[in-house]
Amino acid sequence: LDLLQIMIVNSTYMISIFFLEVPTGAFADAIGRKKSVLISTLFMMVGLVFYPLFRNFYTFMIAELLIAVSSSFASGAFDAWMVDTSQKQGFEGKVDFVFSHANVISKLAFVLGGLFGAYMAIVYIGLPFFIGAGVALIYFFLFLYAIEQDVSHKFSLIAGFRKVKVIAAESIKYSLGHKVIFWLIAGGFLAVFVFQPMNMYWGPRFNAMGGDRIWLTGWFWAFEAIFMMLGAYLVGVFLGRGKHYTF
């Protein structure tokens, strides 16, 4: 793929997330969080397998769409399950610390995954994708038995669209009515618009500078993930000072 096609593939994911976030959230409320997380792992598994099996521009777009559906179904559902489970088990600590520590661990996984994935790609470029799909399958069975079934409701397509419309209207109204939320959304949009091209270009650029050595790109990614992990750790440090930030 050329750089324009790469950007279009990445845009497929971003645009799909934008349009799918509210509908999948409403759908998750109807079927329950457990089923939502399980559906997420299945879509992730299929999306990852698409990349090495069908290597062309259009199938890459389909893969990004599938992964976007996965991300949308998982968004909020897993975190909400964690909060509910903590409360049921009598956890009295700050949930913010749990999220902060989880973020540090996830960034550590980014480091290890980037390194191992780069070295596996030397053997076969599709190997990291197949292993990622295998991990998604493992998570499917793990969540199948680890997550308790929450209350689900009878799902109606018409009622679901009505709920999506109501949620979208309330979200827009809330965002416009709270300046902090509005400017956070606007700032986040601007930041993504500015930095996303660099996020897409650094890989090919460093790979060319390193003489097309994929393992070297993995080390670049690892250093980037380490700094993200440091940021997640600092969030926990600031929260530990006992300050509360309200809007």
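Report on the accompanying structure. The shown structure was predicted, so the numbers you read here are calculated from the model rather than taken from an experiment. (Residues numbered from 1 in each chain as written. Predicted model: local features only at pLDDT ≥ 70, side-chain atom pairs only at ≥ 80, totals over all residues. Heavy atoms only, no water.)

1. Describing the overall build of the chain
In plain terms, the rule: Only DSSP runs of H or I reaching four residues or more are called helices, and only runs of E reaching two or more are called strands; each is numbered from the N terminus. The classification of residues rests on relative accessible area computed with a 1.4 Å probe and restricted to protein chains. Under 20% of the type maximum is buried, over 50% is exposed, and intermediate values are partly exposed. Accessible areas in this description were obtained via Shrake-Rupley with a 1.4 Å probe; residue shielding takes into account the shown protein chains only.
Across its full length, the chain carries nine helices and zero strands. Its helices and strands in sequence order give the chain the pattern α-α-α-α-α-α-α-α-α, from N to C terminus. Scored against the burial criterion, the 247 residues of the chain give a buried share of 29%. With an accessible surface of roughly 16300 Å², the chain has 73% of that area assigned to carbon and sulfur atoms.

2. Quick notes on the nonpolar core
Applicable threshold: Remark: nonpolar core denotes a set of buried residues (Ala, Val, Leu, Ile, Met, Phe, Trp, Tyr, Cys) joined through side-chain atoms within 4.5 Å. Whether two residues are in contact is decided by their heavy atoms: any pair within 4.5 Å suffices.
Counting 12 residues, the largest nonpolar core is built from Val-9, Met-45, Leu-48, Phe-50, Tyr-51, Phe-57, Phe-60, Ala-63, Leu-66, Ile-67, Ala-133 and Ala-136. Of all the secondary structure elements, the ones that give two or more residues to this core are helix 2 (33-53), helix 3 (57-74) and helix 6 (127-146). If one sorts the elements of this core by residue count, helix 3 sits on top with five residues. Apart from the residues lying within four places of it in its own chain, the contact partners of Ala-133 are Met-45, Leu-48 and Val-49. Grouped together as the second largest cluster of nonpolar side chains are eight residues, Val-37, Ala-77, Trp-81 and Phe-140 included.

3. Quick look at the side chain of Ser-40
Tracing the sequence through the fold places Ser-40 in helix 2. Since its relative accessible area comes to 6%, Ser-40 is described here as buried. With residues near it in sequence (within four places) discarded, Ser-40 still touches Ser-70, Phe-73 and Ala-74.

4. A few points about the packing of helix 2 against helix 6
Note the following rule: Note on geometry: axes are C-alpha line fits, over the in-contact stretch for helices, and angles between N-to-C directions span 0 to 180 degrees. Just so you know how the angles are binned, under 35 degrees is roughly parallel, over 145 roughly antiparallel, 65 to 115 roughly perpendicular, and the rest oblique. Crossing handedness follows the turn of the near helix against the far one: under a right angle anticlockwise gives a left-handed crossing, and clockwise gives a right-handed one. For this classification, the nonpolar set comprises Ala, Val, Leu, Ile, Met, Phe, Trp, Tyr, Cys and Pro, the charged set comprises Asp, Glu, Lys and Arg, and every other residue, Gly included, is treated as polar.
Axis separation between helix 2 and helix 6 bottoms out at 8 Å; the angle between their running directions is 165°. When the axis of helix 2 is compared with that of helix 6, the two are roughly antiparallel. Note that helix 2 runs across helix 6; the crossing there is left-handed. In this structure, helix 2 contributes Lys-34, Val-37, Leu-38, Thr-41, Leu-42, Met-44, Met-45, Leu-48, Val-49, Tyr-51, Pro-52 and Leu-53 to the contact, and helix 6 contributes Phe-129, Phe-130, Gly-132, Ala-133, Ala-136, Leu-137, Tyr-139, Phe-140, Phe-143 and Leu-144. Across the contact of helix 2 with helix 6, the residue classes tally to 19 nonpolar, two polar and one charged.

5. Examining the packing of helix 2 against helix 3
Taken N-terminus to C-terminus, the directions of helix 2 and helix 3 make an angle of 160°; their axes are 8 Å apart at the nearest point. In terms of their interaxial angle, helix 2 and helix 3 are classed as roughly antiparallel. Crossing geometry of helix 2 relative to helix 3 is assigned as left-handed. Together, Ser-36, Ile-39, Ser-40, Phe-43, Met-44, Val-46, Gly-47, Leu-48, Phe-50 and Tyr-51 of helix 2 and Thr-59, Phe-60, Ile-62, Ala-63, Glu-64, Leu-66, Ile-67, Val-69, Ser-70, Phe-73 and Ala-74 of helix 3 make up the contact between the two elements.

6. Examining the packing of aromatic side chains
The geometry of an aromatic ring pair is captured by the separation of the ring centres together with the interplanar angle, meaning the angle of the planes. We count it as follows: Paired rings are identified among Phe, Tyr and Trp, the last through its six-membered ring, by centres lying within 6.5 Å, and are further divided according to the angle between planes into stacked (under 30 degrees), edge-to-face (over 60) and tilted (the rest).
With the rule as written, the count across this model stands at 10 aromatic pairs. A ring pair is formed by Phe-50 and Phe-54, whose centres lie 5.1 Å apart and whose planes are at 50°; its orientation type is tilted. Ring geometry for Tyr-51 against Phe-60: centres 4.7 Å apart, planes inclined by 40°, an arrangement best described as tilted. In this structure Phe-60 comes out as buried when scored by relative accessible area, which is 15%. Members of the aromatic cluster, connected to one another through ring pairs, are Tyr-51, Phe-60 and Phe-129.

7. A closer look at helix 3
An α-helical turn contains 3.6 residues, so any two residues separated by three or four positions project in the same direction. Rules: Residue count minus one, scaled by 1.5 Å, sets the expected span of a helix. N or O atoms closer than or at 3.5 Å make up a polar contact, with two conditions inside protein: a donor-capable atom paired with an acceptor-capable one, and, for residues adjacent in sequence, both atoms drawn from side chains.
Over its 18 residues, helix 3 extends 26 Å from the first C-alpha to the last, a length consistent with the 26 Å expected when each residue adds 1.5 Å. Among the residues of helix 3, those classed as buried are Phe-57, Thr-59, Phe-60, Ala-63, Glu-64, Leu-66, Ile-67, Ala-68, Val-69, Ser-70, Ser-72 and Phe-73. N-capping of helix 3 is provided by Asn-56, with a side-chain oxygen placed 3.1 Å from the backbone N of Tyr-58.

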